[in-house]
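The chain contents come next:
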Amino acid sequence: MTALTGLFRDWIPSQRWFGGKGREWASVEEESFFLDRSHPVLSIHRVTVTYADGGTGTYLVPLSWRDHPVDDLAAALIGTVPHENGENYAYDAMRDREATTTWLTHLAEGATVGPMRFVPGDSAEIPVGLPGDIVSTEQSNTSLVYGQEAILKLFRRLEPGLNPDVEVHDALRRTDNPHIAPLLGYAEIDHDRDAGTPPATVFMLQRFVPNASDGWRLATASVRDLYAEGDLHADEVGGDFAADSERLGAATASVHADMAAVLPTEEAGRDWFAAVARQMGERLDAAIEVVPQLADHADGLRAVYAAVADSGERVVRQRVHGDLHLGQVLRTTTGWIVLDFEGEPARPLADRRVLDSPLRDVAGMLRSFDYAARHMLVEQPGDPQRAYRAQEWAERNRSAFCAGYAAASGTDSCGDSPLLRAFEVDKAVYECVYEARNRPHWLMIPLQSLSRLTAAG
Ligand SMILES: Nc1ncnc2c1ncn2[C@@H]1O[C@H](COP(=O)(O)OP(=O)(O)O)[C@@H](O)[C@H]1O
Ligand SMILES: O=P(O)(O)O[C@H]1O[C@H](CO)[C@@H](O[C@H]2O[C@H](CO)[C@@H](O)[C@H](O)[C@H]2O)[C@H](O)[C@H]1O
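Residues numbered from 1 in each chain as written. Chains lettered and ligands numbered in written order. Predicted model: local features only at pLDDT ≥ 70, side-chain atom pairs only at ≥ 80, totals over all residues. Heavy atoms only, no water.

S.K.: How would you explain the nonpolar core if you had to name every residue and give the values?
M.R.: Grouped together as the largest cluster of nonpolar side chains are 67 residues, with contacts concentrated most on Leu294, Trp393 and Leu419. Here this core takes nine residues from helix α11 (residues 418-438), the largest share from any one element. Domain assignment of the residues forming this core places at least three in each of domain 1 (1-209) and domain 2 (213-456). In this structure, Leu294 is in contact with Ala287, Ile288, Val429, Cys432, Leu447 and Leu450, ignoring residues within four places of it in sequence. (Core = buried A, V, L, I, M, F, W, Y, C linked by side-chain atoms within 4.5 Å. Buried < 20%, exposed > 50% of the residue type's maximum accessible area, 1.4 Å probe, protein only. Helix = DSSP H or I, 4+ residues; strand = E, 2+ residues; numbered from the N terminus. Domains from an automatic or database assignment. Contact = heavy atoms within 4.5 Å.)

S.K.: An account of empty space enclosed by the protein is needed here, citing residue identities and associated values.
M.R.: Here the structure, examined in full by the defined rule, presents three cavities of 30 Å³ or more. Its volume calculated, the largest cavity comes out at about 60 Å³. Around the largest cavity sit Arg283, Gly322, Asp323, Leu324, Glu344, Arg360, Asp361, Ala363, Gly364, Phe423, Asp426 and Lys427, which together line it. At the level of elements, α9 (359-374) and α11 are the ones that each hand at least two residues to the lining of the largest cavity. It is α9 that provides the largest number of residues to the lining of the largest cavity, a total of four residues. Here the lining of the largest cavity is built from residues that sort into three nonpolar, two polar and seven charged. (1 Å grid on protein atoms, 1.4 Å probe; cavity = no way out; pocket = protein on both sides within 12 Å on 5 of 7 lines; lining within 4 Å. Points joined across faces, edges and corners; volume = space filled by probe spheres on them. Nonpolar A, V, L, I, M, F, W, Y, C, P; charged D, E, K, R; others polar.)

S.K.: Which residues make up the site of ligand 2, and what values do they have?
M.R.: What surrounds ligand 2 is a group of 16 residues, the closest being Ser140, Asp323, Ser368, Tyr430 and Glu431. Here an oxygen atom of ligand 2 and a side-chain polar atom of Tyr430 are 2.6 Å apart. Between ligand 2 and Arg439, the relevant distance is 2.9 Å, taken from an oxygen atom to a side-chain nitrogen or oxygen of the residue. At the level of elements, α9 and α11 are the ones that each hand at least two residues to the shell around ligand 2. Looking at the shell around ligand 2 residue by residue, the classes come out as six nonpolar, four polar and six charged. (Near = heavy atom within 4 Å. Polar contact = N/O pair within 3.5 Å; in protein donor to acceptor, adjacent residues only side chain to side chain.)

S.K.: Summarise the packing of aromatic side chains; cite the residues concerned and give the values.
M.R.: For the coordinates displayed, the defined rule picks out 15 aromatic pairs. Summarising the aromatic geometry, the rings of Phe118 and Phe203 are spaced 5.9 Å apart at their centres and angled 55° between planes, so their arrangement reads as tilted. Residue Phe118 is located in strand β7 (residues 116-120), and its partner Phe203 is located in strand β12 (residues 200-207); the two are separated by 85 residues in the primary sequence. The pair formed by Phe118 and Phe203 is uniform in burial state, with each residue classed as buried. Judged by centre distance (6.1 Å) and plane angle (20°), the ring pair of Phe241 and Trp393 falls under stacked. Placement of Phe241 in the loop between α4 (215-228) and α5 (242-262) and of Trp393 in helix α10 (residues 384-409) is noted, with a sequence separation of 152 residues between them. Each member of the pair, Phe241 together with Trp393, is buried. When the ring centre of Tyr51 is taken as reference, the NZ or CZ atom of Arg23 above it lies at 4.0 Å. (Phe/Tyr/Trp six-rings, centres within 6.5 Å; stacked < 30°, edge-to-face > 60°. Lys NZ or Arg CZ within 6 Å of the ring centre and 35° of its normal.)

S.K.: Account for the sheet that holds strand β1 (residues 25-36), naming residues and giving values.
M.R.: Reading across from one edge, β1-β2-β3-β5-β4 is the order of the five strands in this open sheet, with antiparallel pairing throughout. Lying at the two open borders of the sheet, with one neighbouring strand each, are β1 and β4 (77-83). Shown here is a sheet whose adjacent strand axes are inclined to one another by a mean of 35°, direction ignored. Judged from the ten bridges that link them, strand β2 (residues 41-51) and strand β3 (residues 56-66) form a sheet pairing that is antiparallel. Opposite Arg46, over in β3, you have Leu60 as the bridge partner. Strand contacts of helix α1 (residues 3-11): β1, β2, β3, β4 and β5 (86-92), with the helix running at about 110° to β1, the strand carrying the most contacts. Helix-sheet contacts for helix α2 (residues 101-109) involve β1, β2 and β3, and the interaxial angle to β1 is about 60°. (Pairing = 2+ DSSP bridges. Axes fitted to C-alpha atoms, helices over the stretch in contact; angles between N-to-C directions.)

S.K.: An account of the side chain of Ser368 is needed here, citing residue identities and associated values.
M.R.: Take Ser368: it is sitting in helix α9. Assessed through its relative accessible area of 6%, Ser368 is described here as buried. Sequence-distant contacts of Ser368, defined by excluding residues within four places in its chain, comprise Trp216, His325 and Leu326.

What follows is the structure, encoded as structure tokens:
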């Protein structure tokens with residue numbers, strides 16, 4: 001093992017974006033090239049982890065280098081690497097402001113550096129020269145905000161093929177949809193050109209949406225207001241969120257309609273329903289391995305999936321968001337913006353591009369209302385008054401979202417649909433695994449939802 005691979009072995013497992021948490025490492029390899037040889041030197045590392053269970057994952061790690069320690073960057077220090085006259089200091093380049101300008105300079109020029117190609121959209125809108133500040137919210141990737149102008153999202157996990165976030169934003173450019181942030185460019189890196197493997201997407205740059213607040217923050221503030229009121233109901237307190245939920249439903253329907261207009265669609269046949277039910281069952285089997293408590297619900301969940309196979313609903317499959325939740329939407333002064341069309345980060349890229357029912361996204365948002373309502377019960381699980389309030393808030397905002405979606409799409413999608421119910425259950429199963437790996441103290445939120453979702457039928 002080299003000094004660098006040793007550093008990566010120590011540092012990567014604790015990073016939020018690392019998707020292999022809980023898996024034992026068998027070996028680690030890295031390949032690198034320089035993106036910038038001036039000050040500070042910026043190197044790009046492709047780190048491939050092979051797990052003891054045989055799987056692999058390749059992650060992108062940009063490092064910035066100094067020949068002396070920099071006090072302001074102490075929190076970004078990954079480690080030191082010895083050389084003949086002393087040591088070089090390796091920093092997390094995404095936290096080193098001086099290193100953040102390089103991405104935009106290369107993008108505006110449409111440069112090719114080693115295996116990496118920069119693809120600008122409208123280069124006039126790329127704020128060259130501005131330094132980027134890291135976005136501190138917990139997320140699966142790493143983002144830099146450049147002033148109030150642009151936001152760069154670095155995709156940490158490298159997978160062959162165009163990232164769906166870039167693909168969908170690029171296609172939606174033609175629609176002028178008011179509910180998305182326009183794409184300004186992206187970069188890709190060759191995997192193994194000789195083997196015919198397509199390049200992997202490294203980052204995308206989007207226009208920054210100023211003066212916005214994310215839906216999770218707004219929704220949870222509304223829940224807090226309701227909890228603070230002893231006697232009033234959700235429609236009587238100041239922070240009622242229902243009007244926003246309704247507008248969010250309409251915005252979601254508008255984005256779905258434009259995605260269907262510019263990307264492929266296909267009427268679903270009976271075999272699709274059977275395949276969806278089977279895949280959900282398989283996901284449950286895998287999830288039970290990680291969260292054994294799920295086995296207690298397994299019979300009820302399988303009954304929900306079985307109902308999908310016989311449902312006979314009409315579904316036009318299309319590209320969907322794939323991981324829609326309140327943290328993926330921004331409320332601006334004029335309305336809602338939908339972000340992050342990447343799908344669930346744990347799914348292979350090819351699966352995330354498959355045509356699906358838009359109800360998948362409706363279910364994601366309904367799950368999120370449930371989370372927003374109940375996450376504060378984690379600390380006070382035995383408070384029946386709060387549990388009642390949470391239920392009331394979740395139901396009110398679910399209905400409002402569905403009303404907005406139905407009015408804008410002309411379909412009663414939140415009606416009594418076995419498919420929607422199964423999607424909600426399937427999402428909650430996914431969340432159990434996500435929480436077990438990332439936030440074990442929140443595991444009870446999706447687990448308790450599963451009890452309710454299976455009891456309801
Ligand atoms: N265009 C944008 N304008 C303003 N803020 C944004 C924009 N895109 C993303 N953000 C902020 O960055 C956060 C993470 O972005 P997101 O695309 O959801 O990344 P991830 O895939 O890692 O979850 C969002 O919750 C939002 O607060
Ligand atoms: O990192 P991403 O935004 O792509 O999504 C992952 O992380 C989300 C948490 O940040 C997770 O969402 C779950 O928690 C939310 C509250 O923090 C809640 O609103 C969502 O409904 C719930 O699914 C998401 O599942 C995961 O893919």
